[in-house]
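Inside the fold
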Amino acid sequence: MEESSAETLDSSTQGDVPPLAVKDVQVVLQKERSDGISTPSRDDDSTLQNPGTHSSILDDNSKSQSAVPERRNKSSGLCFGDGKSLIDYILVYRKSSSQSEKREMFERNIRAEGLRMEKEASLTNSDVIFLKLHAPWDVLCRYAELMNIRMPFRRKIFYMHRRHKFLSRMEKRINKFRGWLPRKPMKFDNDTLPYLEENESFTAPFSRSRIHHFIIHNKDTFFNNATRSRIVHHILQRVKYEEGKNKMGLNRLLTNNSYEAAFPLHEGSYHSKNSIRTHGAENHRHLLYECWAWWGVWYKYQPLDLIRRYFGEKIGLYFAWLGWYTGMLFPAAVVGLFVFLYGVFTLEHCAVSKEICQATDTIMCPICDQYCPYLRLSDSCIYAKVTHLFDNGATVFFAVFMAVWATVFLEFWKRRRAVLAYDWDLIDWEEEEDEIRPQFEAKYSKKERMNPISGKPEPYQAFTDKYSRLLVSSSGIFFMILVVIAAVFGIVIYRVITVSTFAAFGWALIRNNSQVATTGTAVCINFCVIMLLNVLYERVALFLTNLEQPRTESEWENSFTFKMFLFQFVNLNSSTFYIAFFLGRFTGRPGAYLRLINRWKLEECHPSGCLIDLCMQMGIIMVLKQTWNNFMELGYPLIQNWWTRQRLKREHGHIPKASLPQWERDYNLQSMNAYGLFDEYLKMILQFGFTTIFVAAFPLAPLLALINNIIEIRLDAYKFVTQWRRPLPSQAKDIGIWYGILEGIGILSVITNAFVIAVTSDFIPRLVYAYKYGPCAGQGRAGEGCMMGYVNASLSVFRVSDFEKRSQPRTNGSELFEEAVKYCRYRDYREPPDSTEPYTYTLQFWHVLAARLAFIIVFEHMVFAIKTLIAYLIPDLPKDLRDRMRREKYLIQEMMYEAELERLQKEKDEKKKKDRAHHKEWP
């Protein structure tokens with residue numbers, strides 16, 4: 001147990017001070033006039049620091065000093081001109097801006113709140129002014145108490161349960177054996193990462209009246225940089241800039257262009273001439289780059305505590321979730337790879353593919369009108385082998401495994417999130433009530449009602465107005481989904497037309513593989529359409545969300561998130577759903593084809609099945625989208641920052657980057673996305689959908705996702721550390737609405753995989769044939785040799801003379817088969833043309849249909865039962881965490897009680913001393 005420092009400021013020991021309300025503009029002005037303070041315009045160049053001499057004019061609060069270590073001097077770019085006061089926040093504006101009056105009033109009220117300010121012109125653009133803000137110790141203490149920020153006050157005591165002697169001996173032997181093994185390569189050495197005291201200490205909401213309980217070694221480092229920036233931002237959001245009830249807050253000034261940018265500073269450069277192993281890290285940014293964002297540590301665990309300390313809990317939780325998701329992909333990727341390898345090793349023993357490869361005498365009907373020739377079934381030998389790689393005996397097991405995996409992933413993430421929430425002191429954290437959006441206030445300011453929580457009047461949206469807007473917004477969503485369906489319809493028409501065009505193509509390679517060429521080009525065109533529509537959807541979602549007029553920022557964010565996810569999910573998966581469940585299902589039969597607009601014959605599946613088309617769709621879309629996302633993730637910010645450097649070089653000549661102060665270097669970086677972490681989560685959630693929804697058709701999807709995520713983590717880290725301004729650290733307890741979306745995808749994946757196995761793959765028809773119609777029928781087994789004759793049983797016979805006139809092939813097949821073709825085969829279960837009821841469905845068709853429906857029902861109920869059982873058996877809180885929380889609560893109460901007794905005892909002893917001294921005095 002460490003003793004806390006007893007040093008406190010006078011203002012910090014006076015007990016609880018009432019919270020400072022937002023000051024009214026008139027009160028501040030009257031106070032300044034009565035004190036005789038002149039408040040010159042802050043836009044006046046006379047108040048600016050001269051970049052050449054680094055002299056500055058500080059505000060009236062400069063008497064309260066907040067020293068920083070002496071190594072932080074003027075040239076570091078992290079301090080005021082005095083080299084001592086740390087810069088906690090930067091505001092940027094242009095002198096040419098027309099909002100100078102609002103800015104003046106805002107800055108006067110900032111000073112009234114106790115913040116110190118200093119201005120400095122840009123070295124590269126004299127029109128750009130940087131306003132540096134510093135929060136002194138007393139301001140930090142006051143607002144830390146108002147914001148209930150938890151700070152360390154006692155070291156944690158770690159204890160071990162009593163163990164049996166036998167278990168203790170076994171543990172010693174295991175530890176001795178581990179000593180012979182190499183160290184875990186994925187963990188960092190203890191000397192690499194800094195000691196973070198708050199992770200090893202009990203914390204409590206900060207209180208100035210109990211400041212002697214907290215561990216304060218140094219007032220300059222007690223509040224870390226992220227906490228200081230958060231406190232300053234909290235103040236800026238509540239400072240007025242104009243007379244009026246709701247004329248306050250930095251966000252509104254950024255919206256009306258009073259300020260151009262607002263951001264906390266990075267902690268220096270992320271590069272260093274010296275090695276981190278020999279000289280240590282120069283700052284936390286440098287340490288994050290070397291231990292997290294550098295490509296050489298791609299196999300290492302993420303330093304989550306350091307990420308949380310530098311970027312805040314919200315960004316820390318995103319990377320924790322991304323790392324957890326990536327780690328959970330390892331078993332899924334391994335099992336998926338085994339399923340694929342199982343298909344590779346059993347390929348030579350697959351009776352179905354052997355029959356297709358040996359069927360040189362089986363003539364297949366043309367797959368399109370007129371231009372497509374008759375084909376031998378053996379021509380699709382390679383496609384049958386590729387199909388077996390994905391559609392084999394292990395496919396059903398893998399589908400069940402992935403459904404269970406999705407549940408285990410979500411349940412164990414809840415446990416992981418609980419551990420992080422405990423370690424990061426988020427268990428008791430409650431999000432503050434959101435402020436009302438300025439747009440909502442402007443729209444409904446005329447009608448008010450009392451807020452039942454705060455008891456204050458606020459703008460009110462009538463019931464009819466709210467739901468009429470929701471109805472219009474819902475209609476807009478429905479219309480955009482129809483646009484997606486129209487785009488898919490266009491792709492279908494393209495496939496129908498081009499399959500005939502490629503069949504008549506001059507190049508033999510394309511002519512002989514017309515269906516594969518059609519599918520490949522259609523997928524690439526579909527990808528381009530997806531990317532174009534995504535740009536449109538973002539604008540439509542933004543328009544519809546603003547049309548709804550959400551009351552708070554969190555409501556706006558949730559509404560926008562749902563719309564964007566729905567649009568992009570439908571956009572990305574609509575073509576995949578078409579190929580999986582509609583392609584080749586409603587084409588009719590030769591001689592009686594169903595046609596699109598009574599003109600184009602609908603596309604048929606390949607003779608080896610439709611699964612190969614689904615595999616191509618998923619593989620190409622997944623690879624192309626991930627490649628494009630990774631380029632936009634890193635390439636776009638790199639190009640933008642490079643262009644900024646080139647522009648500055650043209651305008652001002654070569655300026656060494658090191659000569660620019662830190663605030664100017666950060667200003668030249670890209671700001672974080674306007675929607676925060678929305679794009680980062682959206683990419684991963686869509687990938688999670690691709691990984692689970694159609695995984696039965698593409699077992700390699702988890703492997704591709706794993707490889708992408710390993711790259712994604714380092715790309716995101718590099719972007720946050722080097723290419724973006726430092727985002728404002730903010731708190732969060734979980735990943736928000738995304739968890740519910742993940743649960744919805746998990747449920748949908750069970751249904752879609754059941755339909756993929758039952759409808760798209762040939763698993764059910766083969767099972768029915770093996771037990772009912774094959775050589776082993778009636779024997780109750782389906783071993784090797786039971787599939788002989790399956791291909792012939794799954795093909796129906798068609799008389800060529802029964803072709804429609806517009807479907808009649810231009811050749812009779814004599815050039816390939818030496819005589820005119822009289823009969824051809826097609827995939828279906830229909831009666832032959834010479835039967836009493838030609839081309840009607842056979843009994844085997846109805847058996848297969850009944851088996852498919854039964855499989856879907858049994859599979860769904862079984863998997864949902866397993867998912868529910870697993871979710872029930874896995875508690876949300878680990879048992880050891882629950883015990884730690886209870887013990888910590890008990891220890892905190894004991895320590896607070898002991899500290900209070902100690903304080904009372906000291907007061908009692910001091911009183912006795914005074915009484916004794918009083919009695920010894922002469923009367």
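It should be emphasised that the depicted structure is a prediction, and the values quoted were computed from it without experimental measurement.

**With respect to the state of the cysteines**
Applying the stated criterion to the full structure yields three disulfides. Sulfur-sulfur distance for the disulfide between Cys-357 and Cys-381 comes to 1.9 Å. Looking along the S-S bond of the Cys-357-Cys-381 disulfide, the torsion reads about 80°, which is the right-handed sense. Taken together, the positions of Cys-357 in helix α12 (residues 351-358) and Cys-381 in helix α13 (residues 381-390) put the pair 24 residues apart, joining distant regions of the chain. Cys-365 shares a disulfide with Cys-824; S-S distance 1.9 Å. In this structure, the disulfide formed by Cys-365 and Cys-824 twists by about 85° around the S-S bond and is classed as right-handed. Taken together, the residues Cys-365 in the loop between β7 (363-364) and β8 (375-376) and Cys-824 in strand β16 (residues 823-827) connect sequence positions 459 residues apart. Note on Cys-824: relative accessible area 0%, which makes it buried. Here Cys-528 is not disulfide-linked; the sulfur of Cys-524 is the nearest cysteine sulfur, at 7.2 Å. Relative accessible area serves as the criterion here: at 47%, Cys-528 is assigned to the partly exposed category.

**Some points on the UniProt feature "transmembrane region" (unreviewed entry) in the protein chain**
In this numbering, the UniProt entry assigns the feature "transmembrane region" (unreviewed entry) to residues 318-345, 394-413, 522-544, 564-584, 685-707, 735-759 and 849-874. Between the end C-alpha atoms of residues 318-345 the distance is 40 Å, and the span holds 100% helix and 0% strand.

**Observations concerning the sheet that holds strand β1 (residues 89-94)**
Sheet architecture is open: four strands sit in the order β2-β3-β1-β6, paired in antiparallel fashion. The open sheet has two edge strands with one neighbour each: β2 (116-121) and β6 (261-263). Adjacent strand axes in the sheet meet at a mean angle of 20°, parallel and antiparallel pairs treated alike. Judged from the six bridges that link them, β2 and strand β3 (residues 128-134) form a sheet pairing that is antiparallel. From the neighbouring strand, Glu-118 faces β3, where its bridge partner is Lys-132. Set on the sheet, helix α6 (residues 225-236) makes contact with β1 and β3; between it and β1 the angle comes to about 50°.

**Let's talk about the environment of Val-232**
For Val-232, the position within the fold is in helix α6. When residues no more than four places from it in sequence are discounted, the contact partners of Val-232 are Asp-88, Tyr-89, Leu-115, Leu-133 and Ala-135.

**Describing helix α19 (residues 553-581)**
If you check α19, its first and last C-alpha atoms are 40 Å apart, about what 29 residues at 1.5 Å a residue would give, namely 42 Å. The largest bend along α19 measures about 40° and falls at Asn-573.

**Description of a positive patch on the surface**
On the surface, a cluster of positive charge is made up of Lys-908, Lys-912, Lys-913 and Arg-916. Here Lys-913 is to be found in helix α29 (residues 879-920).

**Let's talk about a nonpolar patch on the surface**
A cluster of nonpolar side chains, contributed by Tyr-773, Tyr-841, Leu-843, Trp-846, Leu-849 and Leu-853, occupies part of the molecular surface with about 590 Å² of accessible area. Considering each element in turn, the nonpolar patch owes the most residues, four residues, to helix α28 (residues 843-873). Relative to the helices and strands, Leu-843 resides in helix α28. Exposure remark for Leu-843: the relative accessible area of 56% places this residue in the exposed category.

About the thresholds
- Each chain carries its own residue numbering, running from 1 in the written order of its sequence.
- Local features in this predicted model are restricted to residues of pLDDT 70 or higher, and side-chain atom pairs are both shown and tallied only at a pLDDT of 80 or more, whereas totals for entire chains, interfaces and linings draw on every residue.
- Excluded from the side-chain calculations are hydrogens and water; all other atoms, namely the structure's heavy atoms, are used.
- We call a pair of cysteine sulfur atoms a disulfide whenever their separation is within 2.5 Å.
- Helix and strand definitions follow DSSP, with helices as H or I runs of at least four residues and strands as E runs of at least two, each counted in order from the N terminus.
- In this scheme, a residue with accessible area under 20% of its type's maximum is buried, one over 50% is exposed, and one in between is partly exposed, where area comes from a 1.4 Å probe on protein chains only.
- UniProt positions are given in the numbering used here, feature names are shortened, and annotations may be inferred rather than shown by experiment.
- Whether two strands pair depends on DSSP finding at least two bridges between them.
- To define axes, lines are fitted to C-alpha atoms, for helices over the stretch in contact only, and angles between the resulting N-to-C directions are given on a 0 to 180 degree scale.
- When checking whether two residues touch, look at their non-hydrogen atoms; a contact exists if any pair is within 4.5 Å.
- Here, expected helix span is obtained from the residue count minus one, scaled by 1.5 Å.
- Consider a residue and the seven residues that end there alongside the seven that start there; fitting an axis to each set, the bend is the angle between those axes.
- Patches were defined on residues exceeding 30% relative accessible area and lacking a salt bridge, with like-charge contacts within 9 Å and nonpolar side-chain contacts (Val, Leu, Ile, Met, Phe, Trp, Tyr) within 5 Å.
- What sets the accessible areas is the Shrake-Rupley method with a 1.4 Å probe; for residues, cover comes only from the shown protein chains.
- Just to be clear on terms, a salt bridge is a Lys or Arg side-chain nitrogen sitting within 4 Å of an Asp or Glu carboxyl oxygen.
- Counted as positive: Lys and Arg. Counted as negative: Asp and Glu, with His and the chain ends omitted from the count.
- Taken as the charge location is NZ of Lys, CZ of Arg, CG of Asp or CD of Glu.

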